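Below are the chains, spelled out letter by letter.
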Amino acid sequence: MKPTNLTSINFDDIRESIKSYMRTREEFSDYDFSGSTLSYLIDVLAYNTYYSAFNANMALSEVFLDSASIRDNVISLAKVLNYTPRSTTAAKACVSLSVQTQIGVNGQYPLSVTLQKGPVCSGVGPDSNYTFNVLENVEVNVDASTGIAVFPEITVYEGDLLNYSYIVDTTVQQRFIVPNDKVDTSTLKVSTRPNVQSTLSDTYNIVKNITSIESDTRAYFLQETEDRRYEITFGDGVIGRELVQGEVVDIEYIRTVGALANNISVLKYVGTVIDINGTTTTQAALTVKEKSQFGAAQETVKSIKFNAPRYYAAQNRAVTAQDYANITKTIYPNARYVSAYGGESLNPPVYGKVYISIRTQTGAKLNNLSKKEIIRNLRPYSMASVDVVITDPNEIFVGTNILIVATTLASSYGDGTITQTTSDRLKNKALAALKEYGEEEDLNNFNKTFSLQKLANNILRSDDDIEDVLASVSLYKRQEYPELSGPRTFIFEYGTQLDCSCNTSPGTTILSSVFYTTDRPAVPQYFEDDGNGFLRTFTTINNKKTILDTNIGTYDCETGRVTFGPIELEGSSTLEQTLTSVDPNASLTSTINDFFEENSTVEGKIVRSEDVLSVLENTTTDGEDGTTTTDPDDTKEETTGSLIKSAGVDNTYIFIADPESGSSSTFNTGDGYTFVANAGWTLGPGFFTITTSGSGVFSFTGSATGGTGTGGTGTGGTIGTTAVTTVTSSINVGGSIPTTITVSIKPGTTSISPGSLLSGAVLSFFTPNLTVVSTGTGSGTTIIFPTGGVIGSPSLYTTPALNVIGFTPLYTTSTGSGLGNCFA
Amino acid sequence: MAIEEIFRDRRRQYKDFDTALSKNPITHDVLTVSNENAVKQSVRNLISTRFGERLMQPEIGSGVFDALFEPLDPFSAEQLRSDILNTISNYEPRVNVLDCIVSTESAYSDEINIELIYIIVGENIEVTSQIILQRPGS
């Protein structure tokens with residue numbers, strides 16, 4: 001009988017195949033019964049075959065880079081593609097040292113001192129103490145008058161500075177393997193000496209491209225070999241200099257713990273400084289300029305399998321946009337994720353340029369020095385006439401609002417309430433699930449899709465006590481104020497649809513953080529959507545929203561593009577304005593015209609209360625065109641501005657002074673002032689009291705009675721007689737004002753992939769708002785779904801926090817001050 | 001040929017290896033068992049197999065061996081009995097169990113006596129199979 005189903009590697013299939021053979025034989029018949037001895041034997045045979053098939057399959061899988069899983073095999077395959085996996089990277093810190101030298105025998109301070117290579121400082125990490133080293137001796141001059149030597153910026157590397165020597169023996173197949181794992185190959189130094197006694201050495205440089213190598217070039221090649229170690233190979237006399245019998249190969253390197261030594265900001269000096277006279281100093285004042293960062297583990301198998309073919313495809317030259325991205329990764333190790341795209345894909349197109357967005361290991365933005373350095377290093381690879389532009393990632397922050405409904409089982413009291421401990425546990429589980437989701441999807445990378453549904457499912461599965469998860473998402477974008485003054489248009493692109501389903505309800509889709517404008521420098525303002533495709537600005541006084549300007553920008557629901565401006569934002573560092581609130585219980589009989597409508601304004605001026613009559617006496621109305629004029633010389637201490645009605649339901653009005661007029665006036669606390677309307681509307685005294693000079697917003701309350709009429713028809717209303725309003729408290733809005741503006745939107749979809757519309761877009765998480773509620777069977781704790789309605793849970797789409805200034809991204813490894821010039 | 005003999009020949013033949021894989025002293029072949037003996041051996045194999053013992057088929061077996069190390073009170077005896085019946089009904093379609101008696105000399109004995117009375121399907125032969133399981137080393 002011919003064997004059947006030879007390709008199967010499934011145990012049951014193999015077993016069935018053997019049984020089908022047995023059916024053709026007459027000797028035995030009990031193969032079909034599980035209890036028979038024959039069945040036992042068939043099991044053994046099938047298992048043996050299965051084992052062999054699995055081995056064969058496994059062995060064959062290891063031949064291909066796609067399917068290989070054992071690191072040594074992956075390395076071996078990557079070697080064919082001329083790809084050297086990244087080694088463990090030592091954490092590095094930047095420190096400055098100040099050393100007080102001793103006066104020498106000649107009565108003078110030494111001319112220079114040298115910091116010896118090796119350990120310089122040590123710091124305490126989460127697990128252990130770590131030592132930081134300099135790789136070379138560092139020499140600086142000594143101040144002749146003070147005797148102080150300053151090492152301004154020294155980069156120190158965590159780990160042990162080790163060395164090892166090989167004596168070349170050409171009679172055998174010799175391998176030069178760095179005899180440690182966890183070696184940072186970027187710190188590797190290779191040199192040769194003619195013999196053991198010699199102190200002169202030649203330094204060898206690593207080379208990755210043989211096209212520029214001569215037969216006598218002192219160069220070495222590096223490749224990873226078995227057990228995560230690295231092997232050094234030398235030239236053969238044609239490509240690079242060949243080693244000679246008896247030569248000594250010296251290698252020096254840092255063995256490091258990698259990322260464990262990151263984020264150490266307190267370092268203690270342990271180094272040795274020797275001055276030119278030979279005096280050793282072991283005391284120095286050490287200042288940490290950049291805490292330890294950039295420590296990283298060896299490149300993973302997954303990363304090697306991803307990068308090696310792409311590196312090979314680039315062939316050491318940048319032609320396509322992807323080539324630029326791949327080469328950037330190799331020439332700038334601090335790049336965690338890179339996205340490159342041609343300028344022709346932009347709107348409007350920019351031809352002849354390739355744009356590269358780099359997300360660094362820490363999440364910090366690149367400074368200009370680093371960008372120029374990367375562009376310079378890319379130049380040898382790039383095509384002629386193609387310019388490289390390095391841009392910051394188009395970062396879109398994802399804010400999630402998560403409501404966790406816990407089961408009754410989670411309740412410790414049996415009444416639906418849960419303890420703080422349970423609540424914290426569920427929050428921690430949810431946070432861990434969120435992190436896990438982000439890491440699994442690699443969401444901080446470019447061109448990734450965030451799915452709120454998947455996130456909610458992850459959280460739901462994270463703990464048995466979680467019964468339901470309600471989640472919403474907001475997207476945030478941030479822009480810094482421009483350095484140059486003048487009006488500017490701010491464009492926020494989200495690359496996803498906006499939720500414009502609530503078109504009739506303004507302010508539900510878009511909301512900005514607080515900002516100040518030059519025309520109203522003391523007015524904290526925000527902008528929001530008006531429900532009709534335009535933006536409007538508003539301010540809040542005593543928790544009441546007042547619309548300031550309408551049609552101050554636009555938004556597009558389909559493309560997610562929000563255009564704000566043109567507007568000139570106030571970027572000064574401090575504000576001196578003090579707002580004054582008014583006692584709402586004060587007896588105000590002042591009148592104000594009911595003509596006011598929401599968003600309408602009346603221009604006028606503030607004058608001291610006792611001067612109101614004189615102002616009115618000097619106010620004349622032209623009978624023909626109805627314009628009202630007031631002789632400015634006849635009023636005292638006045639400031640012009642606008643009175644606007646708050647959007648609040650009770651009568652609250654706000655005076656916004658003109659900046660140019662307010663700056664010249666002085667008002668004293670406790671004095672009463674009155675707003676006198678320009679267009680014929682007269683207000684009584686005692687509405688408000690102003691404490692300092694300058695323009696600002698002054699809120700007051702009053703009744704809306706009085707005369708009627710419209711501008712140009714004459715004076716209306718009467719003047720009230722109430723005395724000065726009592727000042728109850730002052731609200732200081734001074735201090736720092738933001739230099740960035742953040743805009744949040746409610747996306748129209750819960751599956752967000754901005755990369756499909758926006759080049760260089762990348763998502764960033766920050767800590768979500770987590771709320772835990774519990775359900776129970778006790779009275780009043782059961783959540784009831786009304787017919788056709790939804791659960792009466794806390795509103796998920798409540799106004800997001802306005803002042804989202806300090807984001808805390810979840811996945812960055814460091815929140816340090818970024819890639820300072822110290823490392824550049 | 002007598003009719004009885006014809007029926008006997010047409011009767012289904014069960015043939016299996018002897019579990020001990022003993023040698024026929026004359027032919028030097030592995031000994032075989034057949035018909036009632038093959039079924040009996042199969043039942044015994046099933047009962048004495050632990051769960052997870054069979055390669056890639058962890059669901060085959062019974063809990064009898066594990067019960068050897070537990071005190072055998074009436075409740076666990078009943079549990080054991082139902083376990084055995086379940087195993088046989090699942091994996092040995094050739095028999096129809098009439099009765100199964102699980103007994104021991106005392107609750108702390110190291111032996112379990114299992115007396116199984118069954119009919120081989122299609123044969124109408126009542127077979128009584130007595131299986132004595134003993135703790136290893138006792």
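Everything below is about the structure shown above.
Residues numbered from 1 in each chain as written. Chains lettered and ligands numbered in written order. Predicted model: local features only at pLDDT ≥ 70, side-chain atom pairs only at ≥ 80, totals over all residues. Heavy atoms only, no water.

> Explain the sheet that holds strand S12 (residues 230–234) of chain A to me, please; I cannot follow it from the model alone.
Strands in a sheet are paired, the pairing made by backbone hydrogen bonds, and the direction either parallel or antiparallel. Spatial ordering of the open sheet is given by S7-S13-S9-S10-S11-S12-S8 (chain A), a layout of seven strands whose pairing is mixed. The open sheet has two free edges, formed respectively by strand S7 (160–167) and strand S8 (176–177) of chain A, since each of these has just one partner strand. (Pairing = 2+ DSSP bridges. Helix = DSSP H or I, 4+ residues; strand = E, 2+ residues; numbered from the N terminus.)

> Before we go on, may I ask you to explain the sheet that holds strand S18 (residues 335–342) of chain A in this structure?
Residues and elements named next belong to chain A. In space, the three strands of this open sheet follow the order S18-S19-S20, with mixed pairing throughout. Two strands in the sheet have a free side with no partner beyond their single neighbour: S18 and strand S20 (387–391). Averaged over all adjacent pairs, the angle separating strand axes in this sheet is 25 degrees, with direction ignored. Of the strand pairs in this sheet, S18 and strand S19 (residues 353–360) are connected by seven bridges, and their pairing is antiparallel. Note that in S19 the partner of Ala335 across the bridge is Thr360. Strands in contact with helix H5 (residues 321–331) are S18, S19 and S20; relative to S18, the strand with the most contacts, it is inclined by about 155 degrees. (Axes fitted to C-alpha atoms, helices over the stretch in contact; angles between N-to-C directions. Contact = heavy atoms within 4.5 Å.)

> Can you walk me through the pairing of S20 of chain A in this structure?
In regular strands, side chains alternate between the two faces of the sheet. Side-chain alternation along S20 of chain A places Val388 and Ile390 of chain A on a buried face and Asp387, Val389 and Thr391 of chain A on a face that remains uncovered. Once the chain exits S19 of chain A it traverses helix H6 (residues 368–378) of chain A before rejoining the sheet at S20 of chain A, and the crossover so formed is right-handed. (Buried < 20%, exposed > 50% of the residue type's maximum accessible area, 1.4 Å probe, protein only. Right-handed = clockwise from strand over helix to strand, strands pointing away.)

> Honestly, the interface of chain B and chain A in this entry has me stumped. Any pointers?
Reports of interface size often rely on the accessible area that becomes lost once the parts have come together. Listed per partner, the contact involves 24 residues of chain B and 19 residues of chain A. With both sides pooled, the region where chain B packs onto chain A buries about 1900 Å², and carbon together with sulfur makes up 57% of that total. At the junction of chain B and chain A, the tally comes to two salt bridges. Salt-bridge contacts for Arg54 of chain B lead to Asp43 of chain A; the nearest nitrogen and oxygen are separated by 2.7 Å. In this structure, the connection of chain B to chain A is made through 16 residue pairs in polar contact (both at pLDDT 80 or more). Put simply, the parts of the chain that give the side of chain B that touches chain A at least two residues each are strand S1 (15–17) and helix H2 (35–47) of chain B. Considering only residue class, the side of chain B that touches chain A consists of nine nonpolar, eight polar and seven charged. (Buried area = accessible area lost by both parts, 1.4 Å probe. Salt bridge = Lys/Arg side-chain N within 4 Å of Asp/Glu carboxyl O. Polar contact = N/O pair within 3.5 Å; in protein donor to acceptor, adjacent residues only side chain to side chain. Nonpolar A, V, L, I, M, F, W, Y, C, P; charged D, E, K, R; others polar.)

> Would you explain H6 of chain A in this entry?
Each α-helix turn comprises 3.6 residues. Residues three or four places apart therefore point the same way. All names here are of chain A. Turning to H6, its buried residues number three or more, namely Ser370, Lys371, Ile374, Ile375 and Leu378. Projected down its long axis, H6 carries its buried residues within an arc of 135 degrees, all on one side. Within H6, the exposed residues directed more than 90 degrees away from the buried face are Asn368, Lys372 and Arg376. Lining the buried residues of H6 we find H5, S19 and S20. (Arc of directions from axis to C-beta.)

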